[in-house]
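Working through the structure, step by step
As a plain string of letters, each chain reads:
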Amino acid sequence: MSDPCVQVRVPATSANLGPGFDSLGLALDLWNTAEFTLTGEGLNITIQGEGAARLPTGGANHAYSAFRRLLSNIGQPEPAGLRIHFQNAIPAGSGLGSSATAYLMGLLAANALHGSPLSKDQLLELSAEMEGHADNVAPALLGGLCAVSHDDDGWIVRRYAIPTLQAALVLPEVNLPTHTARKALPPHYTREDAVFNLSRTALVVDALRTGDLALLGRAMQDRLHQPYRLKLIPGAEAAMQAARQAGAAAVALSGAGPSLIAFCESGAEACAEAMHAAFTDRHIPARRFLLQTTNQGASVS
Ligand code: HSE
């Protein structure tokens, strides 16, 4: 008999979407996949593609931690042996939710290999707890656009299917871990800034649900995190301006950065090129991505 094995596939995500700090995220058509096999003994983790040189392949691997976490949650012993092979297309540490994909892959695989005892809601709670926020894990699990909030009973998530939108992304070679990008934020905000973001967040949801890029362009503005984080990414403000000049309808920092995401009616390639040039003109190497939003979320087979 062959060893029990499952394959999981989880999309990239872009969180915040301008004003929706820690509250909004959407799924992008770029995928990390992994095969999990229960084996006789030992842990064997191999990584191909993005992050192969830098992501841990031992006990500190996020997907492996999540796999163990699920087993402990359902009261099952750790497996005698586990092999995980990743095929990653999502750049690590980029603001595209790669750590959220890793936690979800581990949880989904462990759940599927043990008869699926946990519901999607429970998997979402666990993954959000491991990740620290739900704005990446929710759209990675469910696809589409997700609005997330938290209260004493756990995470409140609403998922919306959205029209397919074209997105140009640029990822500068700048090291900006999420915890550093969070430390850059002030402890308090003015009422004006709070209202500025509140009023636009609802409009961003409406613009994305209806594909109204003109509205998105007016609403995708932020005063809670981008002004502080863009300063940590040399060339980012110029790249956002270049994207708008090249015809982007709206542009935002993707998650905590350092990547930027621009939504385009047309000409996404020119927009990606313009953002790229803003970084390379400053001698900062950068990569371009042309992606689409997706309503598909994570899957297990
Ligand atoms: N919303 C988080 C932040 C990143 O901006 O710090 C994604 O979880």
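What comes next concerns the included structure. Position numbers for residues start from 1 in each chain and track the written sequence from start to end. Since the coordinates come from a predicted model, pLDDT governs what is reported: local features require at least 70, and pairs of side-chain atoms require 80 or more to be given and counted, while whole-chain, interface and lining totals use all residues. Side-chain calculation: all heavy atoms of the structure are included, whereas hydrogens and water are not.

Turning next to the environment of glutamate 35. Checked against the element boundaries, glutamate 35 lands in strand S2 (residues 24-39). Each residue is placed in one exposure class: buried if its accessible area under a 1.4 Å probe, protein chains only, is under 20% of its type's maximum, exposed if it is over 50%, and partly exposed if it falls in between. Look at glutamate 35 and you get partly exposed, because its relative accessible area is 29%. Between the C-alpha atom of glutamate 35 and that of serine 301, which follows or precedes it by 266 residues, the distance is 9.5 Å. By the convention used here, residues are in contact when the closest approach between their heavy atoms is within 4.5 Å. Not counting residues within four places of it along the chain, the set of residues in contact with glutamate 35 comprises Cys5, Val6, Gln7, Arg83, Ile84 and His85. Polar contact is defined as a pair of N or O atoms within 3.5 Å, subject to the rule that within protein one atom must be able to donate a hydrogen and the other to accept it, and that residues adjacent in sequence are counted only when both atoms are side-chain atoms. Separated by 2.5 Å, the side chains of glutamate 35 and glutamine 7 make a polar contact. Secondary structure elements are taken from DSSP: a helix is a run of H or I of four residues or more, a strand is a run of E of two residues or more, and numbering for both begins at the N terminus.

Attention shifts here to the packing of aromatic side chains. Pairing of aromatic side chains requires ring centres within 6.5 Å, counting the rings of Phe and Tyr and the six-membered ring of Trp. Pairs whose planes differ by under 30 degrees are stacked, by over 60 edge-to-face, and all others tilted. Using the criterion set out here, one finds three aromatic pairs in the structure. Between the aromatic rings of phenylalanine 36 and phenylalanine 67, the centroid separation amounts to 5.8 Å while the plane-to-plane angle is 5°, which identifies the pairing as stacked. Of the two residues, phenylalanine 36 is situated in strand S2 and phenylalanine 67 in helix H1 (residues 62-73); the sequence distance between them amounts to 31 residues. For the pair phenylalanine 36 and phenylalanine 86, a centre-to-centre distance of 6.5 Å together with 75° between the ring planes defines the contact as edge-to-face. Of the two residues, phenylalanine 36 sits in strand S2 while phenylalanine 86 sits in strand S4 (residues 81-88), which places them 50 residues apart along the sequence. The class of phenylalanine 36 is buried, set by a relative accessible area of 0%. You can call phenylalanine 86 buried: its relative accessible area is 3%. Grouping aromatic residues by their ring pairs yields a cluster made of Phe36, Phe67 and Phe86. Its guanidinium or amino end placed over the ring of tryptophan 31, arginine 9 lies 3.8 Å from that ring's centre, counting from NZ or CZ. For a ring to carry a charge above it, either NZ of a lysine or CZ of an arginine must fall within 6 Å of the ring centroid while also lying within 35 degrees of the normal to the ring plane. Between arginine 200 and the ring centre of phenylalanine 196, over which it is positioned, the NZ or CZ distance is 3.5 Å.

Peptide bonds are mostly trans, and most non-glycine residues show a negative phi. The omega angle of the peptide bond from glycine 257 to proline 258 is 10°, so this bond is cis rather than trans. Note that proline 258 resides in the loop between strand S8 (250-253) and strand S9 (260-264). Despite not being glycine, asparagine 16 has its phi angle at roughly 80°, a positive value. With respect to the helices and strands, asparagine 16 occurs in the loop between strand S1 (5-15) and S2. Unlike most non-glycine residues, aspartate 22 shows phi in positive territory, near 60°. Residue placement: aspartate 22 occurs in the loop between S1 and S2.

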